[in-house]
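# Residue-level structural notes
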Amino acid sequence: MPVGTILVTGGTGYIGSFTSLALLDAGYDVVIVDSLYNSSEVALDRIELISGKRPAFHKVDLTQGEDLDKVFAAHPAIDSVIHFAALKANLSDQTRAQAVGESAEIPLEYYRVNVGGTLCLLSSMKKYNVTNIVFSSSATVYGDATRFENMIPIPEHCPIGPTNTYGRTKSTVESIIEDFISAERQNAQKAGKSFEQWNGANLRYFNPCGAHPSGIMGEDPQGIPYNLLPLLGKVATGDRPKLLVFGDEQDYPSRDGTAIRDYIHVIDLARGHLVALNNLREHKPGVKAWNLGSGRGSTVFEIIKAFSKVVGRDLSYEVVPRRQGDVLDLTANPTKANVELNWKTELTMEKACEDLWRWVSNNPKGYRQEPPAELLNA
Ligand code: NAD
Ligand code: WQD
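Presented here is a report on the structure given in the accompanying data block. Because the structure is a prediction, the values reported are computed rather than measured. (Residues numbered from 1 in each chain as written. Chains lettered and ligands numbered in written order. Predicted model: local features only at pLDDT ≥ 70, side-chain atom pairs only at ≥ 80, totals over all residues. Heavy atoms only, no water.)

Here we come to the side chain of Asp 69. Relative to the helices and strands, Asp 69 is located in helix H3 (residues 65–74). For Asp 69, the contacting residues outside a window of four places in its chain are Ser 124, Lys 127 and Tyr 128. (Helix = DSSP H or I, 4+ residues; strand = E, 2+ residues; numbered from the N terminus. Contact = heavy atoms within 4.5 Å.)

Below is the structure:
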């Protein structure tokens, strides 16, 4: 008997695929819905290769409520949802890289998918009485936490204040989940039913990175990557001539003049979803926000150094003006998740660099090529 059946939206994407793997390993059945807008069905093959189990899959656009309803109807055992499906800032034409991100250029599309898609999902959940939701929020909701005193590392009670449209879609969805769960709890109570069944987790991730240690599963963006480590991977494979380092000591008064982020291995992050889900199902806490980060900040130069070390040679970079909307320091205070979820990161940023390089160097075309036989047979 499975422990439970979980609907994973965006489950063929980067973090969704690793979380689906963690759920299967923990004994859950997994049903994935994804439009494949930024992912590929090959992720399902890799999940199966690693875990020996294949999630059910439905190619569904989340904004199409009727299609979503059919998935819930086809899988009546679904008791909880982990909600990843969204557009994320993935503009990175390096000639325009310092410009405002994609979400500022096409805000209505971001709100339609990220907020509208969530509204469809919550409506279906209500219709089919599926009462737990774990949501992919982001440390981006905090914006520039250095505007307050003593808020670095950032605790969950730091006031939110996203600096871009993408971040505002995330904070909006957090509020929608709070309002929805609180209303459903009250409605259930008025009707004399158990209200505790309705629960939500807003998981604020810091900077996810890394790949599976087997070297056969990792991030496979459909366009040019946007984030620092995937871009460094492209420099190391020769697909890009150099990394543009955004900002210097004039912009960032850090220990080396570059911005600080809390890089978290995707396997630790996936386990964070598992423990948050278990907490909702067992402790029925209502709606909770938890930071998922390591508590350790690294500068851009420190990341370049760590990644160059695993690659075994220096990687070219050039310091250019700061990217609009970037902030000095996003380092988590993960104490709340440490205490309430008994979760903390176990893998270092250096291990993430090592796993990322194994993935990128063996699969330069991502899921568009078969991995080397020695990795498949390992
Ligand atoms: P991803 O793009 O790899 O995964 C998102 C998935 O959602 C993709 O598979 C995509 O095809 C799917 N999707 C997009 N629009 C859809 C739609 N309308 N209907 C159905 N599926 C749709 O991104 P990821 O890095 O795995 O991010 C997962 C979640 O975590 C996202 O919500 C993202 O905003 C959030 N997040 C990511 C990061 C990060 O740095 N990767 C940080 C914080 C939060
Ligand atoms: C990390 C650091 C850059 C690229 C974004 C989203 C956030 C979340 C994670 C959501 C920063 C610097 C980067 C480059 C550089 N995603 N950098 N040259 O900006 O912290 O967060 O991704 O889906 O919501 O905002 O991550 O990896 O882009 O940047 O110097 O070519 O690397 O300035 O300091 P970021 P990132």
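Structure's up, so let's keep going.
What surrounds ligand 2 is a group of 20 residues, the closest being Thr 140, Tyr 166, Leu 244, Arg 261 and Asp 326. A distance of 2.8 Å separates an oxygen atom of ligand 2 from a polar atom in the side chain of Asn 227. A distance of 2.6 Å is found between an oxygen atom of ligand 2 and a side-chain nitrogen or oxygen belonging to Asp 326. Compared with its free state, where it exposes 690 Å², ligand 2 has 92% of that area covered by protein. Where the shell around ligand 2 is concerned, the elements lending two or more residues are helix H7 (228–236) and strand S8 (243–246). In terms of residue count, the dominant contributor to the shell around ligand 2 is S8 (4 residues). Class assignment of the residues belonging to the shell around ligand 2 gives a composition of 11 nonpolar, 5 polar and 4 charged. (Near = heavy atom within 4 Å. Polar contact = N/O pair within 3.5 Å; in protein donor to acceptor, adjacent residues only side chain to side chain. Areas by Shrake-Rupley, 256 points an atom, 1.4 Å probe, with all protein chains shown as cover. Nonpolar A, V, L, I, M, F, W, Y, C, P; charged D, E, K, R; others polar.)

Buried residues dominate strand S2 (residues 29–34), accounting for 5 of its 6 residues. In this structure, strand S1 (residues 5–9) lies alongside S2, joined through 5 bridges in parallel fashion. Within S2, the residue paired with Leu 7 across the bridge is Val 31. Note that the unit made of S1, helix H1 (residues 14–25) and S2 has a crossover that is right-handed. Relative to strand S3 (residues 56–59), S2 is paired through 4 bridges, and the arrangement is parallel. Residue pairing for S3: Asp 34 is matched across the bridge by Lys 59. What joins S2 to S3 is helix H2 (residues 42–51), and the crossover it makes is right-handed. (Buried < 20%, exposed > 50% of the residue type's maximum accessible area, 1.4 Å probe, protein only. Pairing = 2+ DSSP bridges. Right-handed = clockwise from strand over helix to strand, strands pointing away.)

On to helix H5 (residues 107–127), then. With 21 residues, H5 ought to run about 30 Å at 1.5 Å a step, and its terminal C-alpha atoms sit 29 Å apart, in line with that. Remark: the principal bend of H5, roughly 25 degrees, maps to Gly 116. Inspection of H5 places Tyr 110, Val 113, Asn 114, Val 115, Gly 117, Thr 118, Leu 121, Leu 122, Ser 124 and Met 125 among the buried residues, and these make up the whole buried set. The inward-facing, buried residues of H5 contact S1, H3, strand S4 (78–83), helix H4 (102–105), strand S5 (132–138) and helix H6 (165–190). (Expected span 1.5 Å × (residues − 1). Bend = angle between axes of the 7 residues up to and from the residue.)

One open sheet holds the 3 strands; their spatial order is S12-S9-S14, and the pairing between them is mixed. Two strands close off the open sheet at either side, each with one partner strand: strand S12 (298–299) and strand S14 (329–330). Sheet topology note: the strand S9 (residues 260–261)/S12 ladder contains 2 bridges and is antiparallel. Directly across from Ile 260, in S12, lies its bridge partner Thr 299.

With that out of the way, let us pick up the sheet that holds S2. Strand order in this open sheet of 7 strands is S3-S2-S1-S4-S5-S6-S11, and the pairing throughout is parallel. Bordering the open sheet on either side are S3 and strand S11 (287–292), each of which pairs with just one other strand. Averaged over all neighbouring strand pairs, the angle between strand axes comes to 20 degrees, with direction disregarded. Along the sheet, helix H8 (residues 266–283) contacts S1, S4, S5, strand S6 (199–205) and S11; its crossing angle with S6, the most-contacted strand, is approximately 160 degrees. (Axes fitted to C-alpha atoms, helices over the stretch in contact; angles between N-to-C directions.)

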